Amino acid sequence: PVIFTDLDGTLLDHNTYAWDKAEPALARCRAAKIPVVMVSSKTRAEMEPLQLELGLEGPFITENGGGVFFPGKGALKPPPEAEPAGLLYKLTLGVSYSKLCRALDETALSFNLKMTGFHNMSIKDIMQLTGLSLQQAEKAAKRDFDEPFVLDPSTPCEDEKLRKIFREQGLELSIGGRFYHVHGKADKATALDKVAAWYKTNGFQVISVALGDSQNDFSMLGRADYAFYLGKGPVPAEEVPGVIQAAEPGPSGWNRAILDFLTELPNMGAINNP
Ligand code: 2M8
Ligand code: MG
Ligand code: MG
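Residues numbered from 1 in each chain as written. Chains lettered and ligands numbered in written order. Predicted model: local features only at pLDDT ≥ 70, side-chain atom pairs only at ≥ 80, totals over all residues. Heavy atoms only, no water.

### Things to note about the sheet that holds strand E1 (residues 2-5)
Here comes step 1: Across the sheet, which stays open at both edges, the five strands sit in the order E2-E1-E11-E12-E13 with parallel pairing between neighbours. Both edges of this open sheet fall to strand E2 (36-38) and strand E13 (244-245), since each of them pairs with a single strand only.
Here comes step 2: Both E1 and E2 contribute to a ladder of three bridges, which runs parallel. Considered in E2, the bridge of threonine 5 is made with methionine 38.
Here comes step 3: Helix-sheet contacts for helix H7 (residues 188-201) involve E1 and E2, and the interaxial angle to E1 is about 160 degrees.
Here comes step 4: On the sheet, helix H9 (residues 250-264) packs against E1, E2, strand E11 (208-212) and strand E12 (226-229) and is oriented at approximately 165 degrees with respect to E11. (Pairing = 2+ DSSP bridges. Helix = DSSP H or I, 4+ residues; strand = E, 2+ residues; numbered from the N terminus. Contact = heavy atoms within 4.5 Å. Axes fitted to C-alpha atoms, helices over the stretch in contact; angles between N-to-C directions.)

As structure tokens, this is what we get:
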């Protein structure tokens, strides 16, 4: 299998961003060479170090599907469409950050909505809203393909209306654990498809497993062969048919879901990767 996982509220605890409770399942994946692909709203600056800390290899997906970063060295070559970017290769699926920031500011003006994006905030504001450290908040602010924002309760707007407003501009609205996000048409499912295709090209048997906790994960949960919901509310069975509710949210739920899944896998007639 190939595991596609959201970070905040899923592999990482929503409040502390810790993942130690998922370590047994992560260790099992590492030992069995099962790829674990991070799929997050987070930036490359946040995710590149995290990849190392988690002991993961292979590609990761940033900013709600706007970017896919492939390792520059290793047994598998990056796809030809990816361009060198530092030590990695970058596949751009999203639209430019400056365009998103402009669209957010102009939409706020035209529709009389008090929307505040990360580009309108200080690092201190971001720290307060997220509970991230100064260094982490700085990395979260280094954005390329996705703008997180808050909507002031004094100018309420229904999610579906907001979504329509952005769609009319060729943009998409996603909702994470803490923020609204505006980005291009590519989402987590678009990026999952690219990475799954790349693994297939490289001879992997791709049985995709996706894990997520928020609305911005539903597209990838719907796309994967097996999907686990780690959110706090009820399982979104209507949006994501067949999704399995994890016993707990966050890293402890992740651990249980993956350990159980890998135990069950042989009985599901699935073949392992080379
Ligand atoms: C933002 O994203 C989260 C989901 O991952 C959210 O919407 O709640 C992003 O700004 C991300 O870069 C940042 O690390 C995270 C911190 O909670 O918030
Ligand atoms: Mg999440
Ligand atoms: Mg996320």
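### Some remarks on the pairing of strand E6 (residues 88-92)
Here comes step 1: The pairing of strand E4 (residues 67-71) with E6 spans five bridges and is classified as antiparallel. Each residue of the ladder has a partner; that of phenylalanine 69, found in E6, is lysine 90.
Here comes step 2: As paired elements, strand E5 (residues 83-85) and E6 share three bridges and run antiparallel to each other. Residue pairing in the sheet places alanine 85 in a bridge with leucine 88 of E6.
Here comes step 3: Connecting E5 to the antiparallel partner E6 that follows it, the hairpin turn spans two residues, and glycine 86 within it adopts a positive phi of roughly 65 degrees.

### Concerning the domain arrangement of the protein chain
Here comes step 1: One can read the domain layout of the protein chain as domain 1 (2-94 + 187-268) and domain 2 (97-183).
Here comes step 2: With 20 residues of domain 1 at the interface, the matching set in domain 2 holds 19 residues.
Here comes step 3: For the pair domain 1 and domain 2, the summed buried surface comes to about 1,600 Å²; carbon and sulfur atoms form 51% of the total.
Here comes step 4: Where domain 1 meets domain 2, there are one salt bridge.
Here comes step 5: Residue arginine 143 pairs with glutamate 63 through a salt bridge whose shortest N-O separation is 3.9 Å.
Here comes step 6: One can count 12 residue pairs in polar contact (both at pLDDT 80 or more) joining domain 1 with domain 2.
Here comes step 7: Looking at the side of domain 1 that touches domain 2, the elements with two or more residues in it are helix H2 (44-53) and E6.
Here comes step 8: Top contributing element to the side of domain 1 that touches domain 2 by residue count: H2, with three residues. (Domains from an automatic or database assignment. Buried area = accessible area lost by both parts, 1.4 Å probe. Salt bridge = Lys/Arg side-chain N within 4 Å of Asp/Glu carboxyl O. Polar contact = N/O pair within 3.5 Å; in protein donor to acceptor, adjacent residues only side chain to side chain.)

### A short note on the coordination of the magnesium ion (ligand 2)
Here comes step 1: Coordination sphere of the magnesium ion (ligand 2), protein contribution only: Asp6 (OD), Asp8 (O) and Asp213 (OD), at 2.1 Å.
Here comes step 2: Written as a sequence motif, the donor residues of the magnesium ion (ligand 2) are D-x1-D-x204-D.
Here comes step 3: A separation of 3.5 Å is found between the magnesium ion (ligand 2) and the magnesium ion (ligand 3), both of which receive a donor from aspartate 6. Of this pair, aspartate 6 sits in the loop between E1 and helix H1 (23-31) while aspartate 213 sits in the loop between E11 and helix H8 (218-223), and the two are 207 residues apart along the sequence. For the pair aspartate 6 and aspartate 213, a shared accessibility class is recorded, and that class is buried. (Donors = N, O, S within 2.8 Å, 3.2 Å for Na, K, Ca; no water. Buried < 20%, exposed > 50% of the residue type's maximum accessible area, 1.4 Å probe, protein only.)

### Examining the state of the cysteines
Here comes step 1: By the definition in use, this model includes zero disulfides.
Here comes step 2: With no disulfide partner, cysteine 101 has as its closest neighbouring cysteine sulfur the one in cysteine 157, 19 Å distant. (Disulfide = S-S within 2.5 Å.)

### Structural notes on the site of ligand 1
Here comes step 1: Asp8, Tyr17, Glu46, Arg178 and His181 are the nearest of the 16 residues found near ligand 1.
Here comes step 2: Between ligand 1 and arginine 143 there is a distance of 2.9 Å, counted from an oxygen atom to a side-chain nitrogen or oxygen.
Here comes step 3: In isolation ligand 1 has 410 Å² of accessible area, and contact with the protein removes 98% of it.
Here comes step 4: Taken together, the residues of the shell around ligand 1 sort by class into six nonpolar, five polar and five charged.
Here comes step 5: In this structure, the shell around ligand 1 is formed jointly by two domains, domain 1 (2-94 + 187-268) and domain 2 (97-183), each of which donates at least three residues. (Near = heavy atom within 4 Å. Areas by Shrake-Rupley, 256 points an atom, 1.4 Å probe, with all protein chains shown as cover. Nonpolar A, V, L, I, M, F, W, Y, C, P; charged D, E, K, R; others polar.)

### Comments concerning the nonpolar core
Here comes step 1: One finds Ile3, Leu11, Met38, Leu54, Leu211, Trp254 and Ile258 to be the most contacted residues of the largest nonpolar core, which totals 31 residues.
Here comes step 2: Contributing elements (two or more residues each) for this core: H1, E2, H2, E11 and H9.
Here comes step 3: Here the element with the most residues in this core is H9; it accounts for six residues.
Here comes step 4: In this view, isoleucine 3 contacts Cys29, Ile34, Pro35, Val36, Val37, Val209, Leu211, Trp254 and Ile258; residues no more than four positions away in its chain are not counted. (Core = buried A, V, L, I, M, F, W, Y, C linked by side-chain atoms within 4.5 Å.)

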